[in-house]
Amino acid sequence: MSETEQEKKEVAEQQPAPAEQRDTQDKKEIAEEEREKMLNAENSKHSAAAPQTDLEAEERKPKRKIPIGAIKMPGFCRSRSKEPCKEDESQLGENADGEAAKGGAAAATATNLDSAGDKAANGGTPVKEPPGAAARGGRILEAIRLPLVNVGRVFTLKRKENDTELSQAGPGAASAEAADDEKANTVGEDGMETVRLDVETADSGPLAKPHALALCVVAARRNLLYTAGAAAVLLLLLVIVCVASLGPRRVIAQPVKDGKVLTQASCGPVQGLLEEGAFVFRGVPYAMPPLGERRWAPPEPLDKIDRCWNGTLLAHNSSQPCWQRRRDGSLSGHEDCLYLDIYTPQVTYERPLSVVVMIGADSLSGPSPGIMLPSGKLARVRDMVFVRPNFRLDVFGFLALEPLSRTVHPATSGNYGLHDIKSVLKWVALNIHHFGGDKDKVTVWGHRAGGTLVTALVGARRPDEPLFQRAWISSGSISFPTLERVEAEKDNGVFLDITKCRDAACLKNLDARELMGMVPPAWFLPNDGLPKISELTSRKHHWLIKDEVVIQHHIGSIFAQNNGDNRLPLPKIVMGTTAQSGQLPDDFNYNATYPNTTVIRAFLDSLLGTAADADRAFAQYNATVKGLHTLISDIRVTCPLMTLATARNDIPFYIVTFPRDLIADVDSDAAAILGFFPMKTAEQKRHLAAIQTLFSHFVYHGEVEKFEASKRILIVDQDVLPKAGYDNCKLWIEKSLVPNLARVD
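Residues numbered from 1 in each chain as written. Predicted model: local features only at pLDDT ≥ 70, side-chain atom pairs only at ≥ 80, totals over all residues. Heavy atoms only, no water.

Draft legend 1. Looking closely at the pattern of salt bridges. Inspection of the entire model under this criterion finds 25 salt bridges. When the shortest N-O distance is used, the salt bridge between D362 and R448 registers 3.6 Å. Of this pair, D362 sits in the loop between β11 (353-361) and α11 (376-382) while R448 sits in strand β13 (residues 437-448), and the two are 86 residues apart along the sequence. Owing to a relative accessible area of 19%, D362 belongs among the buried residues under this scheme. Of the charged contacts in the structure, one is a salt bridge between R502 and D497, with a shortest N-O distance of 3.6 Å. Classification of R502 as exposed rests on a relative accessible area of 54%. Of the residues examined, D497 reaches a relative accessible area of 47% and is grouped as partly exposed. Several salt bridges converge on common partners, so that one network encompasses R294, E300, D303 and R307. (Salt bridge = Lys/Arg side-chain N within 4 Å of Asp/Glu carboxyl O. Helix = DSSP H or I, 4+ residues; strand = E, 2+ residues; numbered from the N terminus. Buried < 20%, exposed > 50% of the residue type's maximum accessible area, 1.4 Å probe, protein only.)

Next comes the structure, spelled out in structure tokens:
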């Protein structure tokens, strides 16, 4: 057999049977008709546009991006496309046999894909698919699940069949397929194409669902500004939560119920009353009662559970004052007296208020507290917390005796009243925040003998006991103790002789009223009037002494040494008095009129007549009752205090000259601050506003508003007038009468 015959035989063997040829030819004709309809439908979309080549039309269409690694088949739809493909669009209205297409474009596309897949898998022989194959998305999905080698074979065969069909369909179909090929990415020789998998397109979703965390990261990067804002808000919330959780947890006081309010102290719950729009707690103990063995001993704090009260302390009633002596000589008081009263506009831990501790006494023998009586209205109007304590006076508060010193180590006695005030300040530091106060803004206000005690405490402060930050001292005394304890014990021996006791046990067993009656009368006589000649020979009794415990040095020297230096800086201080703070002689009163000669005679008959020139004195002061009263006040109170204040360059000194009635009496400044001053005239209202502003600003801020070191003398009348000096004191300082004749408490 020749080679030509052999080749013809092989070709004949490869040709299908006639029936098979007819089937194949029918399929080709159907495919050509479907392709032709598809092209006609595609061309009809652009009929209104200017004619142009198929290639140009396709180039203007947006190219679709397909993920890398996905298999793109020329001429076929992708299984997960979000848009209908060309074949779907062409078959929406009709199908090849004139019948309505079941399932719409998606079903037609699935049928085409299934048919193509069957051809590739069976060497070109069509295989009839079972029902439901079109719904599963076509055989192409099954082909994608095959191994990579099989997939390549399937798509290579399909590519070849498409090329054959296009060549038989004519140039129109080939041109349309070429336009589709232009949109595709690079295609290999076998008809396969590799495209990006990490790119999502409008018409094709990702083949694999991204992780939720990756989606969040992508969204955060696209909205960077909003992400940063949200992060900042979350961080701020986290900081607030941390600060709130780390802060101190406090129990807020219970609300007012039936006119009562409950708060907490170091020894247990305390119940107060609502009065005049504020809260008042009366009779709160700050130390153990100084009875029995505790008589003439420093106060013992309530620092043990057995010293505290059981249940709730009903702080409704005022406590009894300590034993004291009035100017008429009458006695009153109790030994169990170490209590304090609190007046506060709030019982809360929010926004703590400035605290004023009021130390009031006319003298160190009494009476106390004198005019220093706060109220609920005062606390509400001033927006401050006021604390008024009782403290020991007279022989129970200031007595140095050798038998008492022998009972303690190191040996000491006296100044028990100062110990009480220190104990009050310690209690305030420990408890005042439960009553709406700020322990770091404590002002100690001492008036008259209370001012003397506060001045002593200022000079006796220690680094380990910074109990107050500010001091307001009004009408005090500067005759501070220079007497040593041992010397004071000898001077007080006369009292020991009267008691007929030789040891501390005997003294502590005596009745309290009996002891008060045994005090020598000279110990509590006032010395704030016209100086008497007898003062040159007699020595005034000193209640305060250098006990080597509280007071270790002369207070005046401590003030001078701290002028710009020192181990413990002095607190912020304001000192002052009133123009008529001294005592007018009993022979004079303001209800009568006296000739000038009577006033001058009183001056000449006193110690001043031998020490000063009357003509010069009354050229400075009018020869009237008020002029004489002002002269006495300058010598006894005003000029000595100014001398102490001007020893430093940072202590303002005020002098109130506005009269409460006829004169600026010793209590008029305190009365104006506390609201006991009449407010009938415009002048009175201006004066009250001036001094109350001066006081309040110092309590709030620790300074005098617009204070200048060159003008430290503040004349308080209807307004505050700063001055460089006070001329009335020049004569008395020149004659050495000041501070030698200063009042002694």
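And the narrative resumes.
Draft legend 2. Seen up close, the side chain of S606. Note that S606 resides in the loop between α21 (596-605) and α22 (608-611). On the basis of relative accessibility, which here comes to 5%, the residue S606 falls in the buried class. When sequence neighbours within four positions are dropped, the list of residues in contact with S606 reads L530, P531 and I533. (Contact = heavy atoms within 4.5 Å.)

Draft legend 3. The state of the cysteines, seen in detail. As enumerated under the stated definition, the model contains four disulfides in all. Each disulfide pairs two cysteine sulfurs, and for C322 the partner residue is C337, the sulfurs being separated by 1.9 Å. Disulfide C322-C337: the torsion about the S-S bond is 95°, which places it as right-handed. Taken together, the positions of C322 in the loop between β7 (313-314) and β8 (324-325) and C337 in the loop between β9 (331-332) and β10 (339-344) put the pair 15 residues apart, joining distant regions of the chain. Grouping residues by exposure puts C322 and C337 together as buried. Across a sulfur-sulfur distance of 2.0 Å, C639 and C729 are joined as a disulfide pair. The sign of the -90° torsion about the S-S bond sets the C639-C729 disulfide as left-handed. Of this pair, C639 sits in helix α24 (residues 625-645) while C729 sits in helix α27 (residues 729-734); the two residues are 90 residues apart in sequence, bridging distant segments of the chain. Residues C639 and C729 agree in their burial class; the two are buried. (Disulfide = S-S within 2.5 Å.)

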